[in-house]
Structures are given as structure tokens and as C-alpha cells.
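Now for the letters of each chain:
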Amino acid sequence: MKIFIDTADINEIKEAKSLGVLDGVTTNPSLVAKTGKEFEPCIKEILEVVSGPVSVEVFATDHDAMVAEAREYATWGDNVVVKVPIIKEGLKAIKTLSSEGIKVNVTLCFSPMQALLAAKAGATYISPFVGRLDDVSHDGMELVRQIVEIYANYAFDTEVLVASVRTPLHVVQGALMGADVATIPLKVIDSLLKHPLTDIGLENFQADWEKRKA
Ligand code: E4P
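Throughout what follows, the structure given in this document is the object of discussion. Just so we're clear, the structure is a prediction, and the values are computed from it rather than from any experiment.

## Observations regarding the site of the ligand
Stage number 1. Around the ligand, the structure places Asp6, Thr26, Asn28, Thr107, Ser127, Phe129, Gly131, Arg132, Ala163, Ser164 and Thr183.
Stage number 2. Within the shell around the ligand, the residues separate by chemical class into 2 nonpolar, 7 polar and 2 charged.

This is the structure in C-alpha cells:
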């Protein structure tokens, strides 16, 4: 499973990168706004640090304007993936952009049929938002399971990217289901590594070693 970090904060990206297991980054307008930086310099700073895929979201909501923004983003780096929302105009834009060889991450996916259409249009990634579904009492990970199964039935190349991750369990379940990618906030990446028995075990090993020297 590939691990992306879900943030536009350059310090968080550098910290995650230093762990040596980071494959890419996803951003969205809310995450960029949180940094207090202007959009273009914020994204370009990320592109200087990350060589893996960096998802950058369009602001427009009609086909022509989305495609124009996407073409501009694509000039910023070979690793730019354009994020397009799964609305009618977005679907048309996915088709246009994928035909031009521009990679597309289809965002705001909340149903298996949205995922099927995105794949048919040539999406590189589909992003089911599991945490936001859980928030409204739906089972976010059940959507991931359905998408993985549908894509396998028809041998689509589109990668399933678990998004809106809130807990380590989302990542565990995504990995068990065979999701290709999880995009994860830094605090959840940190908690993937933590186990109280690891900490207690290490403390005991160190204490026993110190006793021996005394
Ligand atoms: C995905 O690419 C989105 O940026 C993100 O995962 C949304 O997560 P949220 O629901 O925590 O805002």
C-alpha cells in the first residue's frame, strides 16, 4: 500500500518524508488555506520537496475552466496529479485530461457508481472520503470494499486511494481490502507506528541493561 500525506503544510511533509516511507502528497483548497500561504507558491514549495505524486485541486466547476487550470498545474511538475470533483462537468474534464496524459485524482467520491464512472473516464486515482461518510453514520470503509471489488471485476487500472482518513483502523482495513493508497494526516501516520507494548518493552530492555552495568 502506498502512503500519501494529506496536508499542504511543508513542515509536516518534511517530517513525514524523513520517515522514509512517504510515497506522495494530497492537498485540497481547505488544507492550502490552513497554511495561510498563496496557492501557487504553496504548491510549488511542496513540489520542490516531493518527487512522488502531489495532488492539486482545481477551483473551477465547469469543464473548460477546470481543464485550463489543470493544464496550468501540469506545467508545474511531472509529478502533479490534478484533483477533480466527481460532478458532471468534472467527469467530462477527467476524460479530456486523461486523454491528454494528465493524471487525475477524482475527489469527493461518496458512492460506488461515482467511482465506476471516474474509472471509465480514465481517472488515475479515485478518492472515497471514508471519514466524512462515517461522520454521517455511513460505513466509509464499506464504500472502499465495494470500489475495490467493482474495479477488480472489470480490471480497471484506476487506483483506490482511501481519503478522509481519521484513524489507524481506516488504514488497516484499507490495506486488508487491497486499496492501493491511503492519504493520511501526520498525526495518524504517527499513531500507525505507536504501540504501548513496544514502548514498555523498550523501557524494560533499557532498564535491565542499565542494572547489569551498575
Ligand atoms: C483527500 O484527498 C482530501 O484532501 C482529504 O482526505 C479530506 O479529508 P477530511 O475529510 O479530513 O477533510
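## Quick look at the packing of helix 8 (residues 140–154) against helix 9 (residues 168–177)
Stage number 1. Running from N to C, helix 8 and helix 9 cross one another at 20 degrees; their axes reach a closest spacing of 10 Å. Relative to helix 9, helix 8 is oriented roughly parallel. Considering only the axes of helix 8 and helix 9, their crossing is right-handed. Here Met141, Val144, Arg145 and Val148 of helix 8 lie close against helix 9, whose contacting residues are His170, Gln173, Gly174 and Met177.
Stage number 2. Taken together, the residues that form the contact of helix 8 with helix 9 break down as 4 nonpolar, 3 polar and 1 charged.

## Some words on the environment of Lys211
Stage number 1. Relative to the elements of secondary structure, Lys211 occurs in helix 11 (residues 196–213).
Stage number 2. Along the primary structure Lys211 and Ser51 are separated by 160 residues, whereas in three dimensions their C-alpha atoms are 47 Å apart.

## Brief notes about helix 8
Stage number 1. When the terminal C-alpha atoms of helix 8 are compared, their 22 Å separation across 15 residues agrees well with the 21 Å that a helix rising 1.5 Å per residue should span.
Stage number 2. Turning to helix 8, the residues buried within the fold contact helix 6 (112–120), strand 6 (125–128), helix 7 (130–135), strand 7 (159–162) and helix 9.
Stage number 3. Remark: Ala155 follows helix 8 within two positions and exhibits a positive phi of approximately 50 degrees.

## Let's talk about the sheet that holds strand 2 (residues 24–26)
Stage number 1. With parallel pairing, the 8 strands of this closed barrel are ordered in space as 1-2-3-4-5-6-7-8. Neighbour to neighbour, the strand axes of the sheet diverge by 30 degrees on average, direction disregarded.
Stage number 2. Pairing of strand 1 (residues 2–6) with strand 8 (residues 181–184) involves 4 bridges; the strand directions are parallel. In the sheet register, Lys2 faces strand 8, and the bridge partner there is Val181.
Stage number 3. Along the sheet, helix 4 (residues 63–74) contacts strand 3 (54–57) and strand 4 (80–85); its crossing angle with strand 4, the most-contacted strand, is approximately 160 degrees.

How each quantity is defined
Residues numbered from 1 in each chain as written. Predicted model: local features only at pLDDT ≥ 70, side-chain atom pairs only at ≥ 80, totals over all residues. Near = placed C-beta within 6 Å. Nonpolar A, V, L, I, M, F, W, Y, C, P; charged D, E, K, R; others polar. Axes fitted to C-alpha atoms, helices over the stretch in contact; angles between N-to-C directions. Helix = DSSP H or I, 4+ residues; strand = E, 2+ residues; numbered from the N terminus. Parallel < 35°, antiparallel > 145°, perpendicular 65-115°, else oblique. Left-handed = near helix turned anticlockwise from the far one by under 90°. Contact = placed C-beta atoms within 7 Å. Expected span 1.5 Å × (residues − 1). Pairing = 2+ DSSP bridges.

Note that every value here comes from positions in space, so none of it alone points to a role or purpose.
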